[in-house]
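Spelled out, the chains give:
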Amino acid sequence: MLYPDTITLTNPLDMHLHLRDGEMLHHIARESAKSFSGAIIMPNLVPPVTSKEEVQAYRKRIVEAIGDETFTPYMTLFFKPTYDKTFLESVKNDIAAIKLYPAGITTNSEGGVSGFDIEELRPALEAMEELDIPLCIHGETNGFVMDREAEFVPIYEKLAAAFPKLKIIMEHITTKESVAALERFENLYATITVHHLYITLDDVAGGMLNPHLFCKPIAKRPEDREALLKAALEAHPKVMFGSDSAPHPRHAKESCGCAAGVFTAPVALQLLAQLFEHHGAPLEHLQQFVSGTAQKIYGITPPSKNVILEKKPYTVKETYGGVVPMYAGETIDFSIREIQHG
Ligand code: DOR
Ligand code: ZN
């Protein structure tokens, strides 16, 4: 397939994004707000976002930080089994989803769920089902690091079977087992990051250790990456782009006790264009992966924005306010030429 030199993406969406708070929020929020129409904002602040007041206040801080960019932050709450229907009804219009973390599995997830006892979770999840609030899940057990996601698949399936009308989004999937699970339950969906489409564990730890590619879930095997690539490149109708762009200050990454997270927000769309071109995948599929599918699954209509990418080498900046992006200092094939607001 002959690829055009410019690619226009309409209303790109990032369905899994960490914007942080305070100084960090001010340093990095515009990097997403410039090139995306909207994003699902993760609630793992310290303390996590668990009340209506907190979610409204956090949204306000985000809107202030992005200034005059056209960008909708789709907010989330940090899942607690104690959420009841009255509370969820009262907060429904402030959120797009609720994010569930297994306790202690990743950055700031200490207050998450342990045990996954269906009866304990039932009141909250039935209320979410009735109110049509999607449940986003970080699906990892606390087993051996390479097996954590595959071990979590039976938990996804147990939840999907117990709450058949609940939209369950398997976040940042990294394994062929998760891709396969999509076919077994109608109410299972997934997001895939750009870094998991590019890297395997070899890129993280096969040579000199690269802390800027260390994240949770950790990148897996080549055959896992193949399964993810296939789903993204064919625009699987249940698979959305979610960057999981997760900034940490340079000193927290380049240290003993490296924080998990890859900062991809400033290069995500360029890298996706490069990938789809490399594989000769139809541009329509890229459009679906970065916007269309998410609009259908979440029932959202993002503000108008056209991002025009061109095939022109771009050398990735070394840092953004003290945060090192994926492929810092390296040259990639696509640049952002122009952004048009609708
Ligand atoms: O690598 C990760 N970083 N994975 C997560 O699940 C959380 C994220 C973060 O917040 O830093
Ligand atoms: Zn995340």
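First, a word on what this report is: a plain description of the structure on this page. Fair warning: this is a prediction, and the values are worked out from it, not measured in the lab. (Residues numbered from 1 in each chain as written. Chains lettered and ligands numbered in written order. Predicted model: local features only at pLDDT ≥ 70, side-chain atom pairs only at ≥ 80, totals over all residues. Heavy atoms only, no water.)

## A word on the packing of helix H11 (residues 268-278) against helix H12 (residues 283-298)
Here is step 1: Between H11 and H12, the shortest axis-to-axis distance is 10 Å and the interhelical angle comes to 145°. Crossing handedness for the pair H11 and H12: right-handed. Residues Leu-269, Leu-272, Ala-273 and Phe-276 of H11 form the contact with H12, whose own contacting residues are His-285, Leu-286, Phe-289 and Val-290.
Here is step 2: In terms of residue class, the contact of H11 with H12 is built from seven nonpolar, one polar and no charged. (Axes fitted to C-alpha atoms, helices over the stretch in contact; angles between N-to-C directions. Helix = DSSP H or I, 4+ residues; strand = E, 2+ residues; numbered from the N terminus. Left-handed = near helix turned anticlockwise from the far one by under 90°. Contact = heavy atoms within 4.5 Å. Nonpolar A, V, L, I, M, F, W, Y, C, P; charged D, E, K, R; others polar.)

## Thoughts on the site of ligand 1
Here is step 1: Taken together, 13 residues lie near ligand 1, and Arg-20, Asn-44, Lys-216, His-248 and Ala-260 sit nearest.
Here is step 2: Here His-18 contributes a side-chain N or O atom positioned 3.4 Å from an oxygen atom of ligand 1.
Here is step 3: Here an oxygen atom of ligand 1 and a side-chain polar atom of His-138 are 3.1 Å apart.
Here is step 4: Protein contacts shield 100% of the accessible area of ligand 1, which totals 290 Å² for the unbound molecule.
Here is step 5: Its residues assigned to classes, the shell around ligand 1 shows three nonpolar, seven polar and three charged. (Near = heavy atom within 4 Å. Polar contact = N/O pair within 3.5 Å; in protein donor to acceptor, adjacent residues only side chain to side chain. Areas by Shrake-Rupley, 256 points an atom, 1.4 Å probe, with all protein chains shown as cover.)

## Notes on the pairing of strand S3 (residues 38-41)
Here is step 1: Side-chain alternation along S3 places Gly-38 and Ile-40 on one buried face and Ala-39 and Ile-41 on a second face that is also buried.
Here is step 2: Strand direction decides the pairing type here: strand S2 (residues 13-17) and S3, joined by three bridges, are parallel. For Leu-17, the partnering residue across the bridge sits in S3 and is Ile-41.
Here is step 3: Following the backbone out of S2, through helix H1 (residues 22-35) and into the adjacent parallel S3, one traces a crossover that is right-handed.
Here is step 4: Relative to strand S4 (residues 72-74), S3 runs parallel, the two being bridged by three bridges. When the bridges of S4 are listed, Ala-39 appears paired with Pro-73.
Here is step 5: In this fold, S3 hands off to helix H2 (residues 52-66), which returns the chain to S4; that crossover is right-handed. (Buried < 20%, exposed > 50% of the residue type's maximum accessible area, 1.4 Å probe, protein only. Pairing = 2+ DSSP bridges. Right-handed = clockwise from strand over helix to strand, strands pointing away.)

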